[in-house]
There are 2 protein chains.
Amino acid sequence: MIMKLDQLATPALVLDRRRLLRNTRAMSERARRAGVDLRPHLKTAKSARVAELATQGHSGGITVSTLAEAEYFVAHGIVDITYAVCMVPDKLERAAQLAARGARLTLLTDNAAVARELGDRAAALGARFDVLIEIDSGEHRTGVAWDSDHLLAIARALDQSSHLALAGVLTHAGQSYACESIAEIARVAEVERRDVVGAAARLRGAGFSCDTVSAGSTPTAVHAESFAGLTEIRPGVYTFFDLAQVARRCCTPDDVAISVLATVISHQPEHRRLIIDAGGLALSKDTSAATVLPDTGYGWICDLGTCQRIGDLHVAVADQEHGYVTGGNIPYAELPIGSRVRVLPNHACMTAAAYDSYAVIDSAEDPLEIVEWWDRVNGWLNASNKGMP
Amino acid sequence: MIMKLDQLATPALVLDRRRLLRNTRAMSERARRAGVDLRPHLKTAKSARVAELATQGHSGGITVSTLAEAEYFVAHGIVDITYAVCMVPDKLERAAQLAARGARLTLLTDNAAVARELGDRAAALGARFDVLIEIDSGEHRTGVAWDSDHLLAIARALDQSSHLALAGVLTHAGQSYACESIAEIARVAEVERRDVVGAAARLRGAGFSCDTVSAGSTPTAVHAESFAGLTEIRPGVYTFFDLAQVARRCCTPDDVAISVLATVISHQPEHRRLIIDAGGLALSKDTSAATVLPDTGYGWICDLGTCQRIGDLHVAVADQEHGYVTGGNIPYAELPIGSRVRVLPNHACMTAAAYDSYAVIDSAEDPLEIVEWWDRVNGWLNASNKGMP
């Protein structure tokens, strides 16, 4: 049965395969030219079909942000997985179960005492893991400074474990998301590169092996001037892009591959707004683009077929199931109650998480026809975590 | 198998049955004393088990914010459902399918032309619905003013349909969420009551029946001084409460029934923070309490067992899977890496939506023991919406 966007229940998450492919190919080409592996971060798409496209021509390895993602991807045949969030011992049993199913899971740590505990726990579980040391290249979230004493202490702790192997270093210059110019992002990218390469040099100088030198957010992957010394990059949101990335000049609005299909449910001309059925749950409450792009709010209102913005219309207020659309001139006659719009999201990772699947279209063919449904994995727990069979 | 919170994978959503029962009983008692029906809004809990508790002693009717919720509750045997979002004709077929399964679904409209279209579509589908007219009592989201010409025009449009019946009027004074004092909320509650009762009087004066006079947000339900003329109230978030409701003095922190279980994953003393594995997805990016309560951010950090706040610790920054915890004095020794905390959420409706189930505890008994798992319904589409069997 052919289904079209103008028949689909709303709100729904639409993925334009044409834009997705253009995005994955451009980043793939960028990595190939730089001579680094592309290990895409699937925290944005959480989709095996997207992973398949994004890894084409590379090692096939991916990055994830949760163990639930890792389980989903292993079930879909992707086994080379970096879990890029600091590991704690209590999560090791679940990781060991993945390893027993054939996964090559690489873990992350930023603490020597935890590294020792992980080693003990891995030995008790009879499991072996590669471990990366997280380097803080200025985001100040997790990680150790490249030149700190902690770096070598962690390396020694890993080295002393018979069940853990130091695989290298990893960093994420998340401060790039707060930059407001390309030059600023390029400077952050250079710090990110220099710090993680510096950490690798220190480890090697101290006699440790350091095969992996991993960096990369989407802004720094797009705007870095050099990848020298890196072995891989791990951008994620570039697969879909969003208005936050438009704001950071990492893409144009025409590159944004996901949108939220919504229905106009009320006209309120006396209050200079109309209301759609996509609110805070359908769009998320993230407003990270709004600090740079005026009149963005929770997303831009675009037309159904071409997904081009209608004037300066945007979702200014997001209640749970109501989006308040405002702008300089609201064309009520063109947007009657019951008509459909598409909302370009502020932050793709947050918006997509409200949906269990993508209505996939291909704007190179019929822009309204849903050609496939792709699933995605959300949440954190599996049945066994809940004590269920 | 007995499972405890200190063994559960994180992040996870914890629901304290003791606090929930206290909340549902208090609101139930308030409605009974006022002589109005309690038709709880299940948009917050989205759980059949919570619906069962919240409706005890009342008509058994509930309110929902999506048709997916309506489908879930009908499947769980709850059939008297008000869908409290303006209806559009394209959604009527799905509503008719629910009616065919025995649901008594009451719809909402704020537009005469749409009411006529709904009537035509209902006739074409061979389905009959009760319809409420939405009154705007100052939120300016959807609805018509109680004294506007639109009110009687909508009533006439409904009256002319053989398949729709005017059931009454409904309002939601959502502006109560922005109030900062009890006196202010009480004033909003009185406007809400007066406007919707005024609309009912106008309809009756014009010869229309108006059985239902429905009002209520949690703040106005808690702080209203009179319910005179109302037939029902529809609060929702009171079942769980949250820091936004603490900020509006609708509850105390000890009434907040849900919390996010999280693990400390990194210490960053040089940056005066520690990092937990609950970030923007696990907590949501909603910060509605933060405008009133200082040092709230994305939630308060509480201890594992008693769920009491630790100093002034709070999640100041929420990346996708990382929460940055700050405060005047971070007790690193008491919160080693791997230890667990509970986060009181800023806005329960938004936070809970990231989870497919609740780990239910009962703090009146063992505060760590998970006594049950309760499911919840998220999202908007059913299999048939996706063209699947």
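Here is a short report on the structure shown in this document. Since the model is a prediction, treat every value here as computed from it, not as a measurement.

1. So, the side chain of S217 of chain A
Turning to step 1, where the next piece is worked out: For S217 of chain A, the position within the fold is in the loop between strand 9 (212–215) and helix 8 (218–223).
Turning to step 2, where the next piece is worked out: Engagement of the side chain of S217 of chain A in a polar contact is seen with the side chain of T220 of chain A, the distance being 3.0 Å.

2. Let's talk about the nonpolar core
Turning to step 1, where the next piece is worked out: The biggest cluster of nonpolar side chains holds 256 residues, and the ones touching the most others in it are I133, V169 and I276 of chain A together with I133, V169 and I276 of chain B.
Turning to step 2, where the next piece is worked out: Once you skip the residues sitting within four places of it in the chain, V169 of chain B turns out to touch L132, I133, I135, L151, V196, A199, A200, L203, C210, T212, V213 and S214 of chain B.

3. Re helix 2 (residues 48–55) of chain A
All names here are of chain A.
Turning to step 1, where the next piece is worked out: Burial within helix 2 is extensive, with 6 of its 8 residues counted as buried.
Turning to step 2, where the next piece is worked out: Within helix 2, burial applies to A48, V50, A51, L53, A54 and T55.
Turning to step 3, where the next piece is worked out: For helix 2, the elements touching its buried residues are strand 2 (12–16), helix 1 (17–34), strand 3 (37–38), strand 4 (62–64), helix 3 (67–75) and strand 19 (372–375).
Turning to step 4, where the next piece is worked out: Two or three places before R49, at the start of helix 2, stands the capping residue S47, its side-chain oxygen 3.3 Å from that residue's backbone nitrogen.
Turning to step 5, where the next piece is worked out: Among the residues trailing helix 2, G57 stands out with phi positive, at a value near 85°.

4. Regarding helix 1 (residues 17–34) of chain B
All names here are of chain B.
Turning to step 1, where the next piece is worked out: For helix 1, spanning 18 residues, the distance from its first C-alpha to its last is 26 Å, which sits close to the expected 26 Å at 1.5 Å a residue.
Turning to step 2, where the next piece is worked out: Every buried residue of helix 1 is accounted for by R19, L20, L21, N23, T24, M27, S28 and A31.
Turning to step 3, where the next piece is worked out: Of the surrounding secondary structure, the elements contacted by the buried residues of helix 1 are strand 2 (12–16), strand 3 (37–38), helix 2 (48–55), helix 8 (218–223), strand 10 (232–233) and strand 19 (372–375).
Turning to step 4, where the next piece is worked out: At the N-terminal end of helix 1, a side-chain oxygen is found 3.0 Å from the backbone nitrogen of R18, two or three residues along, and the residue is D16.
Turning to step 5, where the next piece is worked out: Positive backbone phi, at 75°, marks G35, one or two positions downstream of helix 1.

5. Comments concerning the interface of chain A and chain B
Turning to step 1, where the next piece is worked out: Between chain A and chain B, the residue contacts involve 65 residues of the former and 65 residues of the latter.
Turning to step 2, where the next piece is worked out: Taken together, the two surfaces of chain A and chain B that pack against each other cover about 5,200 Å², and 60% of this comes from carbon and sulfur.
Turning to step 3, where the next piece is worked out: Looking at the side of chain A facing chain B, the largest losses of area belong to R141, Q320 and W380 of chain A, adding up to 15% of the total buried there.
Turning to step 4, where the next piece is worked out: Between K386 of chain B and D356 of chain A there is a salt bridge, with its nearest N and O atoms 3.1 Å apart.
Turning to step 5, where the next piece is worked out: Our count for the chain A to chain B interface comes out at 27 residue pairs in polar contact (both at pLDDT 80 or more).

The rules behind the values
- Residues numbered from 1 in each chain as written.
- Chains lettered and ligands numbered in written order.
- Predicted model: local features only at pLDDT ≥ 70, side-chain atom pairs only at ≥ 80, totals over all residues.
- Heavy atoms only, no water.
- Helix = DSSP H or I, 4+ residues; strand = E, 2+ residues; numbered from the N terminus.
- Polar contact = N/O pair within 3.5 Å; in protein donor to acceptor, adjacent residues only side chain to side chain.
- Core = buried A, V, L, I, M, F, W, Y, C linked by side-chain atoms within 4.5 Å.
- Buried < 20%, exposed > 50% of the residue type's maximum accessible area, 1.4 Å probe, protein only.
- Contact = heavy atoms within 4.5 Å.
- Expected span 1.5 Å × (residues − 1).
- Buried area = accessible area lost by both parts, 1.4 Å probe.
- Salt bridge = Lys/Arg side-chain N within 4 Å of Asp/Glu carboxyl O.

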